[in-house]
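Fold and contact review
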Amino acid sequence: MHHITTPDNTRLYFKDWGAGRPVILIHGWPLSADSWDDQAMAIAEAGHRVIAYDRRGFGRSSQPWSGYDYNTLSDDLAEVIRQTGATDATLIGFSMGGGEVARYMSRHNGQSVIKAALVSSVLPFRLQTADNPGGTEQGAFDQTAQALRDDRARFFTGFFEKFFGVSATAWPVSDELLQWARGVAMQASLRATLECLKSFSSTDFRGDLPAFTMPTLLIHGTADQTVPIDASARAALPGLAHGALIEYEGAPHGLFATDKARLTRDLLAFLAD
């Protein structure tokens, strides 16, 4: 198994597929790098080196007590880039992973990065405040945290149905995929799950947006109930110097599964430019 070790002795598992200009894939909460497998295969087959790693506390990485703030998480990304020797890389962050991309750009000056893509991303700021009225109320995040503490497995059942847009009239993914997602989510530590919830719900990335000085692609579903598009991609776009937004009409949050063929095509086109 491939691992790198961070300065605080956290071991991060990563996949390293293919050869060519590197593409680093950063997964969302509460999953692992495996959620990117369909896109990773296609990107590697198209002639790129693909690096996808499990965030600390998730998947096959170590489960330390601390380090779930975005400064530390972006430092983990910096270590992945440094220890794998990835230069002229494209960063692609899904959901919570968009935060690592943003904080890496500002905290590490975008070193070794030439492009960025944000898919269903939490940017620019999830929490409702006086100067961010379109955000989500703190009480909603508190309810999620309590549900995780009460019965994490049960919570994930409803969470992933919303995540993938499952309803009485729409069933865009299989029962087996829902079961897989729940299983992957349960691999993470409860501590990491709760602390990362706190981080992505409360971190303000508006000050990080000017650090995106390179081509940046946003992809977001208009029916995303997990991270609504009006408060995320549409709000972030004006702050990106070289940003472009592709909206998937009627699509939910988990685009890597529900719209995987289209997402793969759009990412490959962005990488080819």
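As shown above, the structure is provided for reference.
Cut-offs used in this document
Residues numbered from 1 in each chain as written. Predicted model: local features only at pLDDT ≥ 70, side-chain atom pairs only at ≥ 80, totals over all residues. Heavy atoms only, no water. Helix = DSSP H or I, 4+ residues; strand = E, 2+ residues; numbered from the N terminus. Rg over C-alpha atoms; globule rule 2.2 N^0.38 Å. Buried < 20%, exposed > 50% of the residue type's maximum accessible area, 1.4 Å probe, protein only. Salt bridge = Lys/Arg side-chain N within 4 Å of Asp/Glu carboxyl O. Phe/Tyr/Trp six-rings, centres within 6.5 Å; stacked < 30°, edge-to-face > 60°. Lys NZ or Arg CZ within 6 Å of the ring centre and 35° of its normal. Pairing = 2+ DSSP bridges. Axes fitted to C-alpha atoms, helices over the stretch in contact; angles between N-to-C directions. Contact = heavy atoms within 4.5 Å. Left-handed = near helix turned anticlockwise from the far one by under 90°. Nonpolar A, V, L, I, M, F, W, Y, C, P; charged D, E, K, R; others polar. Core = buried A, V, L, I, M, F, W, Y, C linked by side-chain atoms within 4.5 Å. Expected span 1.5 Å × (residues − 1). Lys, Arg positive; Asp, Glu negative; His and termini not counted. Polar contact = N/O pair within 3.5 Å; in protein donor to acceptor, adjacent residues only side chain to side chain.

Points about the overall build of the protein chain
Summing up its helical and strand segments, the protein chain has nine helices and eight strands in all. For 273 residues, the compact-globule estimate of 2.2 N^0.38 gives 19 Å, and the protein chain sits close to it at 17 Å. Considering only C-alpha atoms, the protein chain reaches an extent of 45 × 40 × 40 Å along its principal axes. A buried classification covers 55% of the 273 residues belonging to the protein chain.

Description of the environment of Gly221
Looking at the secondary structure, you find Gly221 in strand β7 (residues 216–221). Take Gly221: its relative accessible area is 0%, and that puts it in the buried class. It is 5.7 Å that separates the C-alpha atoms of Gly221 and Glu247, two residues lying 26 residues apart in sequence.

A word on the pattern of salt bridges
Scanning the model with the defined rule gives 19 salt bridges in all. Residue Asp8 is joined to Arg56 by a salt bridge in which the shortest nitrogen-to-oxygen separation is 2.9 Å. Residue Asp8 is found in the loop between β1 (3–5) and β2 (11–17), and its partner Arg56 is found in the loop between β4 (49–53) and α2 (70–84); the two are separated by 48 residues along the sequence. Residues Asp34 and Arg60 are paired through a salt bridge, measuring 2.8 Å at the closest nitrogen-oxygen approach.

Remarks on the packing of aromatic side chains
Here the structure, examined in full by the defined rule, presents 18 aromatic pairs. Their ring planes at 50 degrees and their centres at 5.6 Å tell us that Phe159 and Phe163 sit as a pair that is tilted. Of this pair, Phe159 and Phe163 both sit in helix α4 (residues 138–163), four residues apart, roughly one helical turn. Its relative accessible area of 0% is what places Phe163 among the buried residues. One residue, Lys115, lies across the ring of Phe270, its end atom 5.1 Å from the ring centre. The ring centre of Tyr248 lies 3.8 Å from the NZ or CZ of Arg262, which sits over that ring.

Some details on the sheet that holds β7
Spatially, the eight strands line up as an open sheet ordered β1-β2-β4-β3-β5-β6-β7-β8, and their pairing is mixed. A single partner strand is all that each edge strand has here, and the edge strands are β1 and β8 (243–248). Direction aside, the axes of adjacent strands within the sheet are offset by 20 degrees on average. Note: β2 against β4, four bridges, orientation antiparallel. Its bridge partner being in β4, Lys15 is matched across the sheet by Ala52.

Notes on the side chain of Thr226
Looking at the element boundaries, Thr226 is found in the loop between β7 and α7 (233–236). In contact with Thr226, not counting residues within four places along its chain, are Arg126, Phe159, Lys162, Phe163 and His253.

Some words on helix α3 (residues 97–107)
Buried residues dominate α3, accounting for nine of its 11 residues. Residues of α3 that are buried: Gly97, Gly98, Gly99, Glu100, Val101, Ala102, Arg103, Tyr104 and Met105. Directly beyond the C-terminal end of α3, a positive phi value near 55 degrees is found at Asn109.

Some thoughts on the packing of α4 against helix α6 (residues 190–202)
Running from amino to carboxyl end, α4 crosses α6 at an angle of 145 degrees, the nearest separation of the two axes being 11 Å. The way α4 lies across α6 gives a crossing that is right-handed. Contacts from Phe141, Thr144, Ala145, Leu148, Arg149, Arg152 and Phe156 in α4 reach Leu190, Thr193, Leu194, Leu197 and Ser201 in α6. By residue class, the composition of the contact of α4 with α6 is seven nonpolar, three polar and two charged.

Section: the nonpolar core
Counting residues in hydrophobic clusters, the biggest one holds 87 residues, and the most contacted among them are Ile24, Trp29, Leu123, Phe160, Phe164, Phe212 and Leu263. Element by element, the count of residues in this core is highest for α4, at eight residues. Those residues within four positions of Trp29 in sequence are excluded, and the remaining contacts are Arg55, Phe58, Met96, Thr144, Leu148, Phe155, Phe159, Phe163, Thr193, Cys196, Leu197 and Phe200.

Describing the pairing of β2
Pairing analysis gives three bridges linking β1 to β2, with the strands arranged antiparallel. In the sheet register, Thr5 faces β2, and the bridge partner there is Arg11. Linkage of β1 to β2, two consecutive antiparallel strands, is achieved through a turn of five residues, within which Asn9 is found at a positive phi near 65 degrees.

Describing α6
An ideal rise of 1.5 Å per residue puts 18 Å on 13 residues; α6 measures up with 18 Å between its terminal C-alpha atoms. Restricting attention to buried positions, one finds in α6 the residues Ala192, Thr193, Leu194, Glu195, Cys196, Leu197, Ser199, Phe200 and Ser201.

A look at the side chain of Lys115
Along the chain, Lys115 turns up in strand β6 (residues 113–119). Asp273 provides the closest opposite charge to the buried, salt-bridge-free Lys115, at an N-O distance of 5.4 Å. Here the side chain of Lys115 touches Phe270 through a polar contact of 2.6 Å, landing on its backbone oxygen. A polar contact of 2.8 Å, which involves the side chain of Lys115, links it to the backbone oxygen of Asp273. Contact partners of Lys115, with chain neighbours within four places excluded, come to Ala89, Thr90, Leu91, Met214, Pro215, Phe270, Leu271 and Asp273.

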